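This is what each chain is made of:
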Amino acid sequence: DNTKVHKAVVSTQSTGTIDPNESRVAVPDDRFDWLCDHFKPPSKVPAYLQVVDIAGLVRGASEGEGLGNAFLSHIKACDAIFSMMRVFEDPDVTHVDGEVDPIRDTETIFQELRMKDISYLNDNIEKVHKVVARMGDKDKAAKNEYETMLKARDLLKEGKDVRKCTWSNKEIEALNKHLLLTSKPVIYLINMSEKDYIKKKGKWLMKIKKYLDESDPGAMMIPFSGALEQRLLDDPDNAKTFLEENKTQSNLSKIIVQGYKTLGLQYFFTVGADEVRAWTIQRYTKAPQAAGKIHSDMERGFIKAEVYKYDDIVEHKSETAVKAAGRYRMEGKNYEVQDGDILMIKFNVTDTKKK
């Protein structure tokens, strides 16, 4: 299908396997479910998040230790990072460093990412410098790129991740060409034992919160239990009863939704008797570019977008009633599509040339 899939990576502790596990998961959304129930189409296409489970890093990975270089290349291909912080004790799940220490593990992972970024910049700064030396002030973009790369390398050597530093718009433009590992947004997942998760207690939770408040202020931290989630998957018939009896809930949907939002993504809907579909776009996307997600001809020949809100169809029950209530709008090429908009695109392509 045409639904764009975006990748988030899960970074965990080291194992002996090199191949990442990939999973495409539908983004849970009550609005999508309601629209499907209302229109009852044969085709239902939600938004998707692709999660790549990478088997963690060991110290020295940036220099090729363990399976480091392969892991780091997998991370480079992703758009954001779920950093898995193990806090559960289990003699059957060995830890590369012996005892469980999620703060040490997290510092190891991000130190290796910084080292790899420094190595990358060392290899590429000289190439940009040659352009600057040849062109001087004539190539302002190359000069800006060179200065930005030097600044990034200095900050990385100070132990600062690129995403935590302050950058001008011009510097961000230069950094976007290089997709540095430490520029990717991060969500911290706290993997607890089933018992601690149900009790909402654990010796590491406050320590991790204090650590993140100091090292990554404003970062999102989501506690969950891999063991609990596995139990619910293995025994779906009794999952609801188990959750009710233990007064707890799965956090999987929250992880998926927040991962999607962290990537700066949202979606609009197209609806009808044949299909209800969520179309993934970046925030601040204009109507013609949103139309282009459906088909390139719609962007090329864009005339207008007919728009109404999800809340409008819920309140008025039909498009006819939405129109009668004056909630059905015509928007032009400068309209920024909002999350949850329902769109109908009007377009006209006069020639036969296809993109």
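**Let's talk about the overall build of the protein**
Here comes step 1: For the protein, the helix and strand inventory stands at 14 helices and 12 strands.
Here comes step 2: Counting over 355 residues, the protein shows a buried share of 45%.
Here comes step 3: Residue pairs in contact within the protein that sit at least 24 positions apart in sequence constitute 72% of those at least 6 positions apart.
Here comes step 4: Carbon together with sulfur atoms contributes 49% to the accessible area of the protein, which is approximately 19100 Å² in total.

**So, the environment of threonine 248**
Here comes step 1: Looking at where threonine 248 falls in the secondary structure, it is placed in the loop between α9 (236-245) and α10 (252-262).
Here comes step 2: As for threonine 248 and lysine 200, which are separated by 48 residues in sequence, their C-alpha atoms are 9.1 Å apart.
Here comes step 3: What threonine 248 contacts, discounting residues up to four positions off in sequence, is Tyr197, Ile198, Leu228 and Leu243.

**Overview of the side chain of threonine 270**
Here comes step 1: Relative to the assigned elements, threonine 270 resides in strand β8 (residues 265-270).
Here comes step 2: A distance of 2.8 Å separates the side chain of threonine 270 from the side chain of tryptophan 279, its partner in a polar contact.
Here comes step 3: Residue contacts for threonine 270: discarding those within four places in its chain leaves Glu275, Val276, Arg277, Trp279, Ile294 and Leu343.

**Some words on the pattern of salt bridges**
Here comes step 1: This model, assessed by the stated rule, comprises 21 salt bridges.
Here comes step 2: For the salt bridge of aspartate 29 with arginine 31, the shortest nitrogen-to-oxygen distance reads 2.8 Å. A single burial state applies to aspartate 29 and to arginine 31, both of which are buried.
Here comes step 3: Salt bridges sharing common partners tie together Arg114, Asp161, Arg163, Lys164 and Asp216.

**Details of the packing of helix α3 (residues 102-135) against helix α4 (residues 140-157)**
Here comes step 1: Close contact between α3 and α4 brings their axes to 9 Å; oriented N to C, the two are set at 155°. Judged by the angle between their axes, α3 and α4 are roughly antiparallel. Along this stretch, α3 crosses α4, giving a crossing that reads as left-handed. When α3 is examined against α4, the residues Arg114, Asp117, Ile118, Leu121, Asn122, Asn124, Ile125, Val128, His129, Val131 and Val132 are found in contact with a partner set consisting of Ala142, Lys143, Glu145, Tyr146, Met149, Leu150, Ala152, Arg153, Leu156 and Lys157.
Here comes step 2: By residue class, the composition of the contact of α3 with α4 is 12 nonpolar, three polar and six charged.

**As for helix α7 (residues 205-215)**
Here comes step 1: Looking only at α7, the buried set comprises Leu205, Ile208, Tyr211 and Leu212. Buried residues of α7, viewed axially, fall in a sector of 130°; they line one side. The outward face of α7, more than 90 degrees from its buried face, is lined by the exposed residues Met206, Lys210 and Glu214.
Here comes step 2: Looking at the buried positions of α7, the neighbouring elements they touch are β5 (80-86), α3, β6 (186-191) and β7 (220-224).

**Observations concerning the confidence of the model for the protein**
Here comes step 1: Summary statistics for the protein give a mean pLDDT of 89 and a share of 86% for residues scoring 70 or more.
Here comes step 2: Predicted confidence is poor over residues 1-5, with pLDDT under 50, and the contacts of this stretch with residues over four places away or in other chains come to 22 contacts.
Here comes step 3: In this model residues 11-17 is a low-confidence stretch, pLDDT under 50, and it forms 31 contacts with partners more than four residues away in sequence or in other chains.

**A look at the pairing of strand β10 (residues 302-309)**
Here comes step 1: Two strands pair when backbone bridges link them, and β10 and strand β12 (residues 341-347) are joined in this way by seven bridges, in the antiparallel orientation. Bridged to phenylalanine 302 within β12 is phenylalanine 347.
Here comes step 2: In the sheet, β10 pairs with strand β11 (residues 329-331) via three bridges, with the strands oriented antiparallel. If you follow valine 307 over to β11, its bridge partner there is arginine 329.

**Quick word on the packing of aromatic side chains**
Here comes step 1: A full pass over the atoms with the stated rule returns six aromatic pairs.
Here comes step 2: Taken together, a centroid distance of 6.3 Å and an interplanar angle of 55° make the contact between phenylalanine 110 and tyrosine 188 tilted. Separated by 78 residues along the polypeptide, phenylalanine 110 in helix α3 and tyrosine 188 in strand β6 bring together distant segments of the chain. Note on accessibility: phenylalanine 110 and tyrosine 188 belong to one class, buried.
Here comes step 3: Cluster of aromatic residues (ring-pair linked, three or more members): Tyr260, Tyr267 and Phe269.
Here comes step 4: The ring centre of tyrosine 328 lies 4.7 Å from the NZ or CZ of lysine 323, which sits over that ring.

**Things to note about unusual backbone geometry**
Here comes step 1: With phi around 50°, lysine 247 is a residue other than glycine that occupies positive phi space.
Here comes step 2: Along the polypeptide, lysine 247 turns up in the loop between α9 and α10.

The rules we used
Residues numbered from 1 in each chain as written. Predicted model: local features only at pLDDT ≥ 70, side-chain atom pairs only at ≥ 80, totals over all residues. Heavy atoms only, no water. Helix = DSSP H or I, 4+ residues; strand = E, 2+ residues; numbered from the N terminus. Buried < 20%, exposed > 50% of the residue type's maximum accessible area, 1.4 Å probe, protein only. Contact = heavy atoms within 4.5 Å. Areas by Shrake-Rupley, 256 points an atom, 1.4 Å probe, with all protein chains shown as cover. Polar contact = N/O pair within 3.5 Å; in protein donor to acceptor, adjacent residues only side chain to side chain. Salt bridge = Lys/Arg side-chain N within 4 Å of Asp/Glu carboxyl O. Axes fitted to C-alpha atoms, helices over the stretch in contact; angles between N-to-C directions. Parallel < 35°, antiparallel > 145°, perpendicular 65-115°, else oblique. Left-handed = near helix turned anticlockwise from the far one by under 90°. Nonpolar A, V, L, I, M, F, W, Y, C, P; charged D, E, K, R; others polar. Arc of directions from axis to C-beta. pLDDT = per-residue confidence, 0-100. Pairing = 2+ DSSP bridges. Phe/Tyr/Trp six-rings, centres within 6.5 Å; stacked < 30°, edge-to-face > 60°. Lys NZ or Arg CZ within 6 Å of the ring centre and 35° of its normal.

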